[in-house]
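Structure at a glance
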Amino acid sequence: MRVCVIGTGYVGLVTGVCLSHIGHDVICVDNNEEKVKLMQSGQSPIYEPGLSELMQSSAASGKLTFTSDLAKGVDHGEILFIAVGTPPLPTGESDTRYVEAVARGIGTHLKSDYKVIVNKSTVPIGSGDWVRMIVLDGATEKQKSLVGAGGVSTENANVNFDVVSNPEFLREGSAVFDTFNPDRIVLGGNGEKAIAMMQELYQPIVNRKVAKDKSLPPVPVVVTDLSSAEMIKYAANSFLATKISFINEVANICDRVGADVVQVAKGIGLDSRIGNKFLQAGIGWGGSCFPKDVSALIHTADDYGYEAELLKSAVSVNIRQRSISLEKLQQELKILKGKTVGLLGLTFKPDTDDMRDAPALTLIEQLNRLGARVKAYDPIVSQSGLSHGLTGVIIETDAEMLADGCDALVLVTDWKEFIKLDFGKMANQMNNPVIIDGRNFLDRSTLEQAGFRYLGIGH
Ligand SMILES: NC(=O)c1ccc[n+]([C@@H]2O[C@H](COP(=O)([O-])OP(=O)(O)OC[C@H]3O[C@@H](n4cnc5c(N)ncnc54)[C@H](O)[C@@H]3O)[C@@H](O)[C@H]2O)c1
Ligand SMILES: O=c1ccn([C@@H]2O[C@H](COP(=O)(O)OP(=O)(O)O[C@H]3O[C@H](CO)[C@@H](O)[C@H](O)[C@H]3O)[C@@H](O)[C@H]2O)c(=O)[nH]1
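Residues numbered from 1 in each chain as written. Chains lettered and ligands numbered in written order. Predicted model: local features only at pLDDT ≥ 70, side-chain atom pairs only at ≥ 80, totals over all residues.

1. A look at the nonpolar core
Note the cut-off: Note on terminology: a nonpolar core is a set of buried residues of type Ala, Val, Leu, Ile, Met, Phe, Trp, Tyr or Cys, with members joined through C-beta atoms within 7 Å. As a rule, residues whose C-beta atom has 12 or fewer other C-beta atoms within 10 Å are exposed, those with 20 or more are buried, and those in between are partly exposed; C-beta atoms are placed from the backbone. For the purposes of this entry, the term helix denotes a DSSP run of H or I that reaches at least four residues, the term strand denotes a run of E that reaches at least two, and both are numbered from the N terminus. For the domains described, the bounds stem from an automatic or database domain assignment. With C-beta atoms placed from the backbone, a contact is any residue pair whose C-beta atoms sit within 7 Å.
Counting 69 residues, the largest nonpolar core has Val-341, Leu-343, Leu-344, Val-410, Leu-411 and Val-412 as its most contacted members. No other element matches the seven residues that helix 9 (residues 226-257) contributes to this core. Domain assignment of the residues forming this core places at least three in each of domain 2 (233-320) and domain 3 (322-455). For Leu-344, the residues in contact, after removing those within four places along its chain, are Tyr-377, Ala-399, Leu-409, Val-410, Leu-411, Val-412 and Phe-418. Counting 56 residues, the second largest nonpolar core, distinct from the first, contains Val-11, Cys-28, Val-99 and Leu-187.

Quick look at the structure:
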């Protein structure tokens, strides 16, 4: 099928690349010219395992192209994905201005052939109908401008399209895998033709043609109304964030009573009603999605006069959790002014270069405020030389240089390579070999044998 994906962030680029890999003819559109040039040259603007290789092979097969020309993309696609950002506003609600600009732009370029317009971005409940209205507005404005220009219009505003909500559930760091091996596909909308086209689009994925385990039964497809599809996205992220806040709260109680949250998580996770995923206690959830999506759902509830108390608590537990490693540093080092703290990891999770709402940012700010000197080593941020606009932190190029002269280390991101570090050597280079394991990721006895005092989170 002919597809146009508008917005080439994590979601848009991964969607475009994966759809082309399963045989669709994809044009990706972005209004960032530099990004488009980079992608046209075969390079991925984001670090995501497996993406570059797939992108290059799809581009070589001629099934994947990049442009900044929206008209070209709209003309090409039978299915048009809107995959631009919906960042949080200071009020917590979602900033839908980029979605609006794209919807209006699509409207101005629509002709009479039928299109499916897909909301892939995470958008507030009710956005499906709103996007329909904006697209129609765009089409009408175009029509008026043509008539107003005095010429006889050859185009008409009798556009023919349906809007579908198709929320995305991929995780950064495993985005390609998640796209080919989804737990479910959600399609919201009431246009039968549109839903049928979306089912055809995803057919190779549904039938496990590109799955890791091809013997699995087909991927469940949830076909529902627009609002329910939009709500599924917010509810899923809010549930997962709440689950982490729950285990973090249990970890804090474990710290006080002398229990081990890792054992507790194992013990409760074996109950199939609870499940063992998203029970890793630590320094709190971050990233580009959980914080903004939970806040947006709280905001929507507020708009309707409902106080989402549980969700508000999940957020406040998380805000407190962001300070837990600082509290532990203060217990160990007492005065932080003039001390040097080294952060192992900066990104909000491993296998990504994304720093959006990363717990490391909060910690750097808090340590700076208390007069500590902060250094950091992150396998991606350090090596790519990306500073991510970071201030108040010295970026080291390896873990041993990080340890040199430190009074304590904090493991912020659970990068796999940290397990293999030479902790004995690192301990020798430190003023005071203390490590706060903010993800309960390292092996306590290995660290203690290397000479470290080891503190986990409820562990
Ligand atoms: N990042 C994730 O892991 C993830 C997962 C699921 C859902 N989502 C949702 O998907 C959406 C996109 O997220 P993201 O992280 O990929 O976004 P992003 O901010 O990384 O990228 C957005 C892209 O859209 C482009 N853009 C903005 N305005 C445009 C316009 N008018 N025309 C063309 N391109 C335009 C930007 O240049 C940028 O490349 C958000 O709603 C997000 O909540 C994200
Ligand atoms: O047991 C856990 C699991 C995760 N985290 C933290 O939670 C945050 C989010 O992690 P994760 O969900 O793996 O990353 P994202 O890439 O943000 O993915 C989430 O957000 C995406 C954007 O909406 C959704 O598509 C995904 O389904 C959803 O998992 C990170 O800071 C993790 O460190 C924990 O602290 N403990």
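2. Regarding the site of ligand 2
In plain terms, the rule: Each residue receives a C-beta atom built from its backbone; the residue is near a molecule or strand if that atom lies within 6 Å of it. Ten residues, namely Ala, Val, Leu, Ile, Met, Phe, Trp, Tyr, Cys and Pro, are considered nonpolar, four, namely Asp, Glu, Lys and Arg, are considered charged, and the remaining ones, Gly among them, are considered polar.
Close to ligand 2 lie 21 residues; Glu-172, Gln-280, Trp-285, Gly-287 and Cys-289 are nearest. Those elements that place two or more of their residues in the shell around ligand 2 are helix 9 and helix 11 (290-303). A per-element tally of the shell around ligand 2 places helix 9 first, with three residues. Its residues assigned to classes, the shell around ligand 2 shows ten nonpolar, six polar and five charged. When residues of the shell around ligand 2 are assigned to domains, at least three fall in each of domain 1 (2-224) and domain 2 (233-320).

3. Thoughts on the UniProt feature "binding site: substrate" (unreviewed entry) in the protein
Heads up, the condition is: UniProt positions are given in the numbering used here, feature names are shortened, and annotations may be inferred rather than shown by experiment.
When the UniProt feature table is mapped onto this chain, "binding site: substrate" (unreviewed entry) is found at Phe-169, Leu-170, Arg-171, Glu-172, Lys-233, Phe-278, Leu-279, Gln-280, Ala-281, Gly-282, Gly-286 and Lys-349. In three dimensions, the annotated residues from a span of 181 residues occupy distinct locations, with a maximal C-alpha spread of 24.1 Å. Along the chain, the position of Arg-171 falls in the loop between strand 6 (161-165) and helix 7 (175-180). With respect to the helices and strands, the residue Gly-286 is situated in the loop between helix 10 (261-269) and helix 11. For Gly-286, the residues in contact, after removing those within four places along its chain, are Pro-291, Phe-348, Asp-357, Ala-358 and Pro-359.

4. Description of the UniProt feature "active site" (unreviewed entry) in the protein
What UniProt calls "active site" (unreviewed entry) maps, in this numbering, to Cys-289. Residue position: Cys-289 is located in the loop between helix 10 and helix 11.

5. Side note on the domain arrangement of the protein
Each domain of the protein was delimited in the assignment, giving domain 1 (2-224), domain 2 (233-320) and domain 3 (322-455). Computed over C-alpha atoms only, the centres of domain 2 and domain 3 are separated by 24 Å. In this complex, domain 2 contributes 13 residues to the contact, which on the side of domain 3 involves 15 residues. Considering every element that reaches the side of domain 2 that touches domain 3, the biggest residue donor is helix 12 (residues 309-321), with three residues. Residues that form the side of domain 2 that touches domain 3 fall into these classes: five nonpolar, seven polar and one charged.

6. Overview of the packing of helix 9 against helix 12
Rules: All axes are obtained by fitting lines to C-alpha atoms, using only the stretch in contact for helices, and the reported angles, taken between N-to-C directions, cover 0 to 180 degrees. If an angle is under 35 degrees, it is roughly parallel; if it is over 145, roughly antiparallel; if it lies from 65 to 115, roughly perpendicular; otherwise it is oblique. Should the near helix be turned anticlockwise from the far one by less than a right angle, the crossing is left-handed, and should it be turned clockwise, the crossing is right-handed.
Between helix 9 and helix 12, whose axes approach to 9 Å, the crossing angle comes to 55 degrees. Comparing the axis directions of helix 9 and helix 12 gives the class oblique. Here the hand of the crossing between helix 9 and helix 12 comes out left-handed. Contact residues: Ser-238, Ala-241, Thr-242, Ser-245, Asn-248 and Glu-249 in helix 9; Leu-310, Leu-311, Ala-314, Val-317, Asn-318 and Gln-321 in helix 12. Of the residues assigned to the contact of helix 9 with helix 12, the class counts are five nonpolar, six polar and one charged.

7. Some details on the packing of helix 9 against helix 10
It is the contact of helix 9 with helix 10, at a shortest axis distance of 9 Å, that shows an interaxial angle of 135 degrees. Relative to helix 10, the element helix 9 is oriented oblique. Note on packing geometry: the crossing formed by helix 9 with helix 10 is right-handed. Side by side, helix 9 and helix 10 meet where Ile-247, Val-250, Ala-251 and Cys-254 of the first sit next to Val-261, Val-264 and Ala-265 of the second. Taken together, the residues that form the contact of helix 9 with helix 10 break down as seven nonpolar, no polar and no charged.

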